[in-house]
Amino acid sequence: MNRLAAKLDLPRPFDIHELCGRIGAERGRPIVLTPFPMTSLGPCGLWLAGEHADILCFEQHTSVLHQEHIILHELGHVLHEHSGAETMGQLFPDLGGETLRIMLARQHDTFSDRAERQAEDFAYAVLARASRASGFRRVLEA
Ligand SMILES: [Zn+2]
């Protein structure tokens, strides 16, 4: 079991928005969830480290379950403090499609395989805990 995932205080019923809200409050850096059409760009998620917030972009055109997985994967990068996230001040909400495209292309190479596995383990571990905890899930509002 991923150590960070095991320690998390999960909302019951599980709610990804609430989880990110709690974590953001604890860290003193809000986590902003941003749906985005990413299909053609390769990765389905992106973490942007802003000056005061962590912005997690996730594929807009996919199932709620897949979106949760993407968000948790990106959250895994944030909580494991993987370096490689693009750091920039005040980009939100002026984030245009072109900017994102460029950043996606770059981020794809920035994380090590080990970091990718860790983020993926984190996502699976949280989802496993969440589905054991409750049969109810709130629908993700994209
Ligand atoms: Zn990743």
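The following paragraphs examine the structure supplied in this document. (Residues numbered from 1 in each chain as written. Predicted model: local features only at pLDDT ≥ 70, side-chain atom pairs only at ≥ 80, totals over all residues. Heavy atoms only, no water.)

## Quick word on the pairing of strand β2 (residues 45-49)
Put simply, side chains in a regular strand alternate between the two faces of the sheet. Of all five residues that make up β2, five are buried, and the element is covered over most of its length. Where burial is concerned, the two faces of β2 agree: the one with Gly-45, Trp-47 and Ala-49 and the one with Leu-46 and Leu-48 are both buried. Pairing of β2 with strand β3 (residues 54-59) involves five bridges; the strand directions are antiparallel. Along β3, the bridge assignment pairs Ala-49 with Asp-54. Taken together, β2 and the strand that follows it, β3, pair antiparallel across an intervening segment of four residues. (Buried < 20%, exposed > 50% of the residue type's maximum accessible area, 1.4 Å probe, protein only. Helix = DSSP H or I, 4+ residues; strand = E, 2+ residues; numbered from the N terminus. Pairing = 2+ DSSP bridges.)

## What to know about the nonpolar core
Core analysis: the largest hydrophobic core is formed by 29 residues, its most contacted members being Leu-19, Leu-72, Leu-75, Phe-122 and Val-126. Of all the elements, helix α5 (residues 113-133) adds the most residues to this core, at seven residues. If we skip the residues at most four places from it in the chain, Leu-75 touches Leu-19, Cys-20, Ile-23, Ile-31, Leu-56 and Phe-122. (Core = buried A, V, L, I, M, F, W, Y, C linked by side-chain atoms within 4.5 Å. Contact = heavy atoms within 4.5 Å.)

## What to know about unusual backbone geometry
Look at the link from Arg-12 to Pro-13: it is a cis peptide, with omega at -5 degrees. For Pro-13, the position within the fold is in the loop between α1 (3-7) and α2 (16-27). If you check the backbone angles, Glu-81 has positive phi at about 55 degrees while not being a glycine. Topologically, Glu-81 is positioned in the loop between α3 (64-79) and β4 (86-87). On the accessibility criterion, Glu-81 (64% relative accessible area) is exposed.

## Observations regarding the pattern of salt bridges
Throughout the structure, instances matching the rule amount to four salt bridges. In this structure, Asp-9 and Arg-22 form a salt bridge, with 3.4 Å as the shortest nitrogen-oxygen distance. Placement of the pair is Asp-9 in the loop between α1 and α2 and Arg-22 in helix α2, with a sequence separation of 13 residues. On the accessibility criterion, Asp-9 (55% relative accessible area) is exposed. In this structure Arg-22 comes out as partly exposed when scored by relative accessible area, which is 28%. (Salt bridge = Lys/Arg side-chain N within 4 Å of Asp/Glu carboxyl O.)

## Overview of the packing of α2 against α3
For the pair α2 and α3, interaxial distance at closest approach is 11 Å and the crossing angle is 15 degrees. Between α2 and α3, the interaxial angle falls into the category roughly parallel. The way α2 lies across α3 gives a crossing that is left-handed. Contacts from Ile-16, Leu-19, Cys-20, Ile-23 and Arg-27 of α2 reach α3 at Glu-68, Ile-71, Leu-72, Leu-75, Val-78 and Leu-79. When grouped by side-chain class, the residues that make up the contact of α2 with α3 number nine nonpolar, no polar and two charged. (Axes fitted to C-alpha atoms, helices over the stretch in contact; angles between N-to-C directions. Parallel < 35°, antiparallel > 145°, perpendicular 65-115°, else oblique. Left-handed = near helix turned anticlockwise from the far one by under 90°. Nonpolar A, V, L, I, M, F, W, Y, C, P; charged D, E, K, R; others polar.)

## A closer look at the coordination of the zinc ion
Of the protein atoms, only His-73 (NE2), His-77 (NE2), Glu-116 (OE) and Glu-116 (OE) coordinate the zinc ion, at distances of 2.0 to 2.6 Å. Coordination at the zinc ion is irregular: its four donor atoms span angles of 53 to 140 degrees at the metal. Of note, the donors binding the zinc ion are all from one chain and are spaced H-x3-H-x38-E. Of the two residues, His-73 and His-77 are both situated in helix α3; the distance of four residues between them amounts to about one turn of the helix. As far as the burial class goes, His-73 and His-77 line up, both buried. (Donors = N, O, S within 2.8 Å, 3.2 Å for Na, K, Ca; no water. Tetrahedral: all angles 85-135°; square planar, octahedral: opposite > 155°, others 65-115°.)

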